[in-house]
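Here is what each chain is made of, one letter per residue.
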Amino acid sequence: MKKFAIAAATATALTLTMANAAFAQTTQNTQSPMVVAAGEVTKAKEATSDTWITTKVKSDLVTEKGIPGTDIKVETNKGVVSLSSTVAVTEAQKATAVAITKKIKGVKAVSADGLKAE
């Protein structure tokens with residue numbers, strides 16, 4: 001009986017040692033969970049920021065008198081705002097829309113190529 005207990009203890013110790021070595025190899029070859037989580041948080045912040053920028057631009061354009069804000073489509077990707085419309089706007093309205101958009105915090109650039117000017 002004593003020999004069986006010693007053999008079982010030895011087998012358990014060897015198994016744990018081998019499992020620990022295998023686990024150490026896997027964690028060294030992959031990124032740390034904290035690094036992965038930080039990357040996901042950055043993506044979430046960026047998406048939230050883009051959504052916030054789009055909403056802010058849209059609301060500022062809608063409330064601006066003399067601009068067809070409801071007809072202007074706003075899309076944001078990594079801080080770059082694209083303005084487009086299916087209705088024609090004047091050059092002055094286009095310039096005003098771009099100026100309003102550039103004032104928004106977080107906007108890196110504005111593309112108004114999609115705004116049809118009269």
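As a reminder, the structure under discussion sits directly above these lines.
Criteria and thresholds
Residues numbered from 1 in each chain as written. Predicted model: local features only at pLDDT ≥ 70, side-chain atom pairs only at ≥ 80, totals over all residues. Heavy atoms only, no water. Salt bridge = Lys/Arg side-chain N within 4 Å of Asp/Glu carboxyl O. Pairing = 2+ DSSP bridges. Helix = DSSP H or I, 4+ residues; strand = E, 2+ residues; numbered from the N terminus. Axes fitted to C-alpha atoms, helices over the stretch in contact; angles between N-to-C directions. Contact = heavy atoms within 4.5 Å.

Just checking my understanding: could you explain the pattern of salt bridges for this structure?
Oppositely charged side chains may form a pair once their charged atoms are brought near each other. One pass over the structure, following the stated rule, counts 2 salt bridges. Glu75 serves as the salt-bridge partner of Lys73, at 3.1 Å between the closest nitrogen and oxygen.

Even after reading the chapter, I still don't get the sheet that holds strand β3 (residues 109–114), so can you show me in this structure?
Across a sheet, paired strands are connected by hydrogen bonds in the backbone, their directions being either parallel or antiparallel. Read from one edge of the open sheet, 3 strands run β1-β2-β3, paired in mixed fashion. Edge positions in the sheet fall to β1 (72–77) and β3, since each has one partner strand and no second. Each strand of the sheet is rotated relative to its neighbour by a mean of 20°, with strand direction disregarded. Most of the contacts of helix α3 (residues 91–102) go to β3, to which it runs at about 155°, and overall it touches β1, β2 (80–85) and β3.

So what exactly am I meant to see when it comes to unusual backbone geometry here?
Trans peptide bonds make up the majority, and among non-glycine residues the majority have a negative phi. A positive phi angle, near 55°, is found at Lys78, a position not held by glycine. Tracing the sequence through the fold places Lys78 in the loop between β1 and β2.

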